Amino acid sequence: MSSINYSEKIPNNVNLVNDRTLQRALEHWQPHFLQWWQHLGPRDFQSADVYLRTAISVDAQGWAHYGTVKMPDYRWGIFLADPVAERKIGFGDQMGQPAWQQVPGEYRSTLRRLIVTQGDTEPASVEQQRLLGHTCPSLYDLRNLFQVNVEEGRHLWAMVYLLHAYFGRDGREEAEELLARHSGDADKPRILTTFNEPVSDWLSFYCFTYFTDRDGKYQLKSLAESAFDPLSRTCRFMLTEEAHHMFVGETGLARVVKRTLEVMKEIGAEDPARVRAAGAVDLTTLQKYINFWCSSSLDLFGSEISSNSAANFANGLKGRPDETQYQDHVLRESSFSLETPEGPQTVPMLNALNEVMRESYLKDCEIGLKRWNRQIERAGFAFRLTLPSTRFRRTIGAWAGLPVDPKGNLVSKELYEKNLPGWIPSESDRAFVHSLMKKVVEPGKMAAWIAPPDRGINNLPVEYEYVKLH
Ligand code: BYC
């Protein structure tokens with residue numbers, strides 16, 4: 001197992017010290033990253049002492065060290081999972097051949113594009129969340145937000161390392177561009193749509209970490225299968241960090257549901273207006289937030305029928321998550337049936353892999369919903385949370401721009417426009433949620449709209465002062 005060298009300016013387990021050119025290039029990029037962090041990272045908390053975990057080894061057990069750090073002093077670095085000896089390509093037309101340690105010329109621009117797209121999401125999410133500290137529901141949540149933010153910053157480092165180490169001058173230019181595009185910027189937006197949506201309240205944050213970070217899990221798992229071994233190793237380690245981000249989303253939403261149910265029991269009513277008047281998020285509003293963030297995240301898998309996905313798989317660049325669970329790893333003979341607005345269609349399986357991935361993603365999303373619905377059922381209420389149809393509110397793929405209701409039925413344009421504010425958060429829903437967002441920073445105290453977590457971080461009590469503000 002390789003350990004991480006923290007004595008260097010850029011902590012790493014890739015022997016950076018033996019490649020002076022690369023080390024210098026990355027040391028040149030480092031101050032640009034830090035400037036970006038100061039400028040567009042969490043606003044107004046740069047001098048706070050935050051209880052954060054830092055990677056100390058890339059081994060799955062006990063890789064983290066916990067301690068108090070000021071965020072700008074976080075040791076962002078380059079950590080790759082250990083190599084698998086004599087790793088072979090696990091899918092596509094070159095299956096069984098040795099994995100690549102360098103980028104084959106013919107795949108250079110496609111691989112660079114995939115790495116840039118992945119890299120672009122990381123700083124984007126930090127930008128989207130930069131004002132949330134001002135309205136944190138507790139110090140515990142504030143710390144989790146910052147943990148997510150510093151790790152997304154590290155994921156940017158992970159992609160920038162690949163760009164610098166394997167893509168020469170183009171890669172260095174792309175690394176600069178990753179800091180030049182900004183979430184929501186009219187002239188230089190982030191690449192993927194979801195990463196330009198504002199995350200301006202904590203309900204959105206929990207939905208984002210539940211739904212959008214879960215897309216991250218699926219994309220990283222599929223890149224972890226890549227024949228390009230440095231990308232595979234990088235993504236494998238990123239996945240161990242990603243798990244905490246989804247935990248923040250899942251437990252955050254479970255705590256919102258728990259508190260809402262307590263209020264519903266106290267007032268003896270399900271009526272959204274009365275739940276709101278009692279200071280909690282009514283389940284109808286929560287459903288609308290789920291519809292918004294789930295449908296936006298569904299676009300992140302790309303079109304249902306995609307020649308990009310076919311080429312990426314056939315060429316060994318991007319596999320399916322957990323590729324070994326499948327029998328057929330070449331997919332030249334199989335097909336896939338799907339519903340399009342024009343009717344059912346059967347397409348070569350290779351062209352339908354975005355849809356295959358979207359389907360397994362949705363199954364994973366269902367797990368949280370089942371859990372929250374059990375909470376609601378146990379509390380004796382009839383309401384059930386659901387996931388929207390994959391056809392609802394799509395801007396990419398076969399269903400893009402079509403008037404489809406959350407159940408997946410094509411409806412008239414008039415009906416769609418009339419009902420949309422009942423399906424996703426309206427201006428007044430957002431205003432209500434924003435009205436709940438008041439900063440709570442007394443150790444152990446929670447905002448009234450969210451239940452406390454079951455336990456604290458790293459065996460510490462919930463009352464621990466996870467962020468020391470100055
Ligand atoms: N928005 O054949 P198509 C994460 C573009 S999240 C805008 O439909 P393809 C994280 C596409 O780029 C994971 N554009 O799809 C989470 C292409 O454009 P070009 C991020 C979109 O290529 C939370 C065109 O449409 N990682 O890590 O098979 C916090 C036709 O493409 C969108 C990745 O995405 C969209 N939603 O698949 C922090 C992995 N969808 O190239 C982090 C890398 C598609 O013709 N990316 N387009 O100009 C990929 O694997 C693929 O680019 C996609 C699209 C899966 C995104």
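Before reading further, recall that the structure is shown in the block above.
Owing to the predicted nature of the structure, the values given are computational and were not obtained by experimental measurement.

Hey, could you run me through unusual backbone geometry in this one?
Trans is the prevailing form of peptide bonds, just as negative phi is the prevailing case for residues other than glycine. Here the phi dihedral of Asp 44 falls at roughly 75°; this positive angle occurs in a residue that is not glycine. Residue placement: Asp 44 occurs in the loop between helix 1 (20-40) and strand 1 (49-55). Residue Asp 44 is classed as exposed on the basis of its relative accessible area, which comes to 59%. The phi torsion at Asn 458 lies on the positive side, around 50°, for a residue other than glycine. Note that Asn 458 resides in the loop between helix 12 (427-436) and strand 5 (467-468). When its relative accessible area of 38% is taken as the criterion, Asn 458 is described as partly exposed.

Where do I start with the site of the ligand in this structure?
Taken together, 28 residues are adjacent to the ligand, and Gln 118, Ser 303, Ser 306, Asn 308 and Lys 318 come closest. Within the side chain of Ser 303, a nitrogen or oxygen atom sits 2.6 Å from an oxygen atom of the ligand. Take Asn 308: an N or O atom from its side chain is 2.8 Å from an oxygen atom of the ligand. Coverage of the ligand by the protein amounts to 82% of the 1000 Å² it exposes when considered alone.

Teacher, can you tell me more about the nonpolar core here?
In globular proteins that are soluble, nonpolar side chains generally tend to be buried together. Core analysis: the biggest nonpolar cluster contains 117 residues, and Phe 211 and Trp 449 have the highest contact counts within it. Phe 211 has contacts with Ile 290, Trp 293, Cys 294, Ser 297, Tyr 361, Cys 365 and Leu 387, leaving out every residue within four places of it along the chain.

Help me understand the pattern of salt bridges, please; the structure alone is not making it clear to me.
A side chain of one charge can pair with a side chain of the opposite charge when the charged atoms of the two come close. In total, this model carries 29 salt bridges according to the counting rule given. Glu 151 is paired through a salt bridge with Arg 53; the nearest N and O atoms lie 2.7 Å apart. Of this pair, Glu 151 sits in helix 3 (residues 139-166) while Arg 53 sits in strand 1, and the two are 98 residues apart along the sequence. According to the relative accessible area criterion, Glu 151 is buried, its value standing at 0%. Relative accessible area serves as the criterion here: at 9%, Arg 53 is assigned to the buried category. Connected via shared salt-bridge partners are Asp 299, Glu 304, Glu 355, Arg 358 and Arg 394.

Explanation requested: the packing of helix 1 against helix 3 in the structure shown.
In a packed pair of helices, the relevant descriptors are the angle between the two axes and the axis-to-axis distance. The N-to-C vectors of helix 1 and helix 3 enclose an angle of 150°; their axes lie 11 Å apart at closest approach. Considering their axes alone, helix 1 and helix 3 lie roughly antiparallel with respect to each other. Pair helix 1 / helix 3 crosses with right-handed handedness. Contact residues: helix 1 offers Leu 22, Ala 25, Leu 26, Trp 29, Gln 30, Phe 33 and Trp 37, while helix 3 offers Asn 149, Val 150, Gly 153, Leu 156, Trp 157, Val 160, Tyr 161, His 164 and Ala 165. For the contact of helix 1 with helix 3, the residue count by class is 12 nonpolar, 4 polar and no charged.

Conventions adopted
Residue numbers here run from 1 along each chain, matching the order of that chain's written sequence. Restriction of local features to residues with pLDDT of at least 70 applies here, the model being predicted, together with a cutoff of 80 or more for giving and counting side-chain atom pairs; totals for whole chains, interfaces and linings are based on all residues. Side-chain measures here rest on the full set of heavy atoms in the structure, leaving out hydrogens and waters. Runs of H or I in DSSP of at least four residues are treated as helices and runs of E of at least two as strands, each being numbered from the N terminus. Exposure categories follow from relative accessible area, calculated using a 1.4 Å probe and restricted to protein chains: below 20% of the type maximum is buried, above 50% is exposed, and the middle band is partly exposed. Note on definitions. A residue lies near a molecule or strand when any single heavy atom of the residue is within 4 Å of it. In protein, a polar contact means a hydrogen-donor-capable atom and an acceptor-capable atom, both N or O and within 3.5 Å, with residues adjacent in sequence counting only if both atoms are side-chain atoms; elsewhere, any N or O pair within 3.5 Å suffices. All accessibility values rest on the Shrake-Rupley procedure with a 1.4 Å probe; residue burial counts only the protein chains present in the view. By convention a nonpolar core is built from buried Ala, Val, Leu, Ile, Met, Phe, Trp, Tyr and Cys residues, the set being connected through side-chain atoms within 4.5 Å. Only heavy atoms matter for contacts: two residues are in contact if any of them lie within 4.5 Å across the pair. Definition used for salt bridges: Asp or Glu carboxyl oxygen within 4 Å of a side-chain nitrogen of Lys or Arg. In this analysis, axes come from line fits to C-alpha atoms, helices being fitted only over the stretch in contact, and the angle between any two N-to-C directions falls in the range 0 to 180 degrees. An angle below 35 degrees is read as roughly parallel, one above 145 as roughly antiparallel, one from 65 to 115 as roughly perpendicular, and any other as oblique. For a crossing to be left-handed, the near helix must be turned anticlockwise from the far one by less than a right angle; the clockwise case is right-handed. The classification used treats Ala, Val, Leu, Ile, Met, Phe, Trp, Tyr, Cys and Pro as nonpolar, Asp, Glu, Lys and Arg as charged, and all other residues, Gly among them, as polar.

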